[in-house]
Amino acid sequence: MQLETKYEKLNAILLGYGRVAVAFSGGSDSSLLLKCALDILGTDNVLALFARSELLISAEIDHAVQWPQVNWNARVITMEILELQPLDWEELVSNRENRCYFCKFNMYSMCREHMQQRGFTWLLDGTNTDDLKEDRPGLRAIRELGVRMPLVEASLDKADVRLLSQRLGLSTWDRPSASCLATRIPTGMRITRERLRQVAILENGIGQFGLVGCRVRLCADREHEVHLEIRSQDFACLAESDIRMALFRFFQHHGMNKVWLLLQGRE
């Protein structure tokens, strides 16, 4: 199916929803979804909901909160911030394999309750067809709660999302994929405020080396070791010994004496 056909199908799907709330994260998928919903349904019929919590790094929060002003300075967008307290959820803190299911279920339940009080009919999620190929427990929560996935319904994959976003002039078209900080903590290791803060400090800090969109993952049984995952295009940067050693000294300063580099890279 051609991209133009998928775009027309997406617009037709959105038109049939009426008043909608978009679960907005600031990433490329939800940004495209919000943009199309606003274009088709108008600002009075679209509510953007952003769930702020300790699971997100400050840069991701700032980007999401500022995105409407940056991209829609000539339009009034209804965007509301929900304050979540996920560390109060034992199902998340215990960090078992179904952690993402409980987190998504709790978060989207709150979003649905909030939007229904405001008179909106459907909650929309930015899942694309490539996401369906991965093991994502959160998808079960999405389906159980009756949350709609318009990008999936329109057969849009990640490449489609990026290309269509670029054509529509969205700054998020090439934004690296993001995930919550809990994904950096191995399954079975309890999620604590201190561990989340540790990961956030490390990921924020290595941005000074030009490593944008990286991941720092804690080791399950070695407190002073981490796994570093960088984008494929950034391996050339680490080929320079000065940068590589400065990066290692940065990790040492923060208590890490060994850094394992994942060679597959992030797309």
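Everything that follows concerns the structure shown earlier in this document.
All of these numbers come straight from a predicted model, not from anything done at the bench.

Student: Even after reading the chapter, I still don't get the overall build of the protein, so can you show me in this structure?
Tutor: Broken down by element type, the protein carries 11 helices and seven strands. Its C-alpha radius of gyration of 19 Å places the protein within 12% of the 18 Å reference for a compact globule of 267 residues. With respect to the principal axes defined by its C-alpha atoms, the protein has extents near 55 × 40 × 35 Å. By the burial criterion, 46% of the 267 residues in the protein qualify as buried. In the protein, the proportion of contacts linking residues at least 24 apart, taken out of those at least 6 apart, comes to 72%. For the protein, the exposed area adds up to about 13,200 Å²; of that, 49% sits on carbon and sulfur atoms.

Student: Can you help me understand the packing of aromatic side chains in this one?
Tutor: Any aromatic ring pair is given by two values, namely how distant the centres are and how the planes are angled relative to each other. In the structure shown here, the tally under the stated rule is five aromatic pairs. For the pair F209 and F250, a centre-to-centre distance of 6.0 Å together with 65° between the ring planes defines the contact as edge-to-face. Of the two residues, F209 is situated in the loop between α9 (193-205) and β5 (215-218) and F250 in helix α11 (residues 241-253); the sequence distance between them amounts to 41 residues. The pair F209 / F250 is uniform in exposure class, with both members buried. Aromatic side chains F250 and F251 sit 5.6 Å apart centroid to centroid with 75° between the ring planes, which places their arrangement in the edge-to-face category. Residue classification places F250 among the buried residues on the basis of a relative accessible area of 11%. Judged by relative accessible area, F251 falls into the buried class, the value being 1%.

Student: Sorry if this is basic, but what is going on with unusual backbone geometry here?
Tutor: Keep in mind that most residues, glycine aside, have a negative phi and that most peptide bonds are trans. At N95, a residue that is not glycine, the phi angle is positive and equals roughly 60°. With respect to the element layout, N95 can be found in the loop between α4 (90-93) and α5 (99-117). Judged by relative accessible area, which is 0%, N95 ranks as buried.

Student: Sorry, what's going on with helix α2 (residues 28-41) here?
Tutor: Every α-helix carries 3.6 residues per turn, so stepping three or four residues along brings you back to the same face. Compared with the 20 Å implied by 1.5 Å per residue over 14 residues, the 20 Å span of α2 between its first and last C-alpha is a close match. Inspection of α2 places S28, D29, S30, S31, L32, L33, L34, K35, C36, A37, L38 and L41 among the buried residues, and these make up the whole buried set. Positive phi shows up at G42, right after α2, with a value of about 85°.

Student: Hey, could you run me through the pattern of salt bridges in this one?
Tutor: For side chains of opposite charge, pairing can occur when their charged atoms come near one another. Tallying each qualifying case throughout the model produces 18 salt bridges. When the shortest N-O distance is used, the salt bridge between R136 and E134 registers 3.0 Å. Notably, a salt bridge pairs E225 with R222, separated by 2.6 Å at the nearest N-O pair. Residue class for R222 comes out partly exposed when judged on its relative accessible area of 33%. Several salt bridges share partner residues, and in doing so they unite D131, E134 and R136 into one network.

Student: Help me understand the sheet that holds β5, please; the structure alone is not making it clear to me.
Tutor: Sheet strands pair via backbone hydrogen bonds, and the direction of the pair is either parallel or antiparallel. Ordered in space as β5-β6-β7, the three strands form an open sheet in which the pairing is mixed. The open sheet is flanked by β5 and β7 (258-261), the only strands paired with a single partner. Between one strand axis and the next, the sheet turns through 30° on average, direction left out of account. Pairing analysis gives four bridges linking β5 to strand β6 (residues 225-229), with the strands arranged antiparallel. Across the sheet, the residue bridging to V216 is L228, located in β6. This element, α9, spans β5 and β6 of the sheet and lies at about 145° to β5. The strands that α11 touches are β5, β6 and β7; relative to β6, the one it contacts most, it runs at about 140°.

About the criteria used
- Residues numbered from 1 in each chain as written.
- Predicted model: local features only at pLDDT ≥ 70, side-chain atom pairs only at ≥ 80, totals over all residues.
- Heavy atoms only, no water.
- Helix = DSSP H or I, 4+ residues; strand = E, 2+ residues; numbered from the N terminus.
- Rg over C-alpha atoms; globule rule 2.2 N^0.38 Å.
- Buried < 20%, exposed > 50% of the residue type's maximum accessible area, 1.4 Å probe, protein only.
- Contact = heavy atoms within 4.5 Å.
- Areas by Shrake-Rupley, 256 points an atom, 1.4 Å probe, with all protein chains shown as cover.
- Phe/Tyr/Trp six-rings, centres within 6.5 Å; stacked < 30°, edge-to-face > 60°.
- Expected span 1.5 Å × (residues − 1).
- Salt bridge = Lys/Arg side-chain N within 4 Å of Asp/Glu carboxyl O.
- Pairing = 2+ DSSP bridges.
- Axes fitted to C-alpha atoms, helices over the stretch in contact; angles between N-to-C directions.

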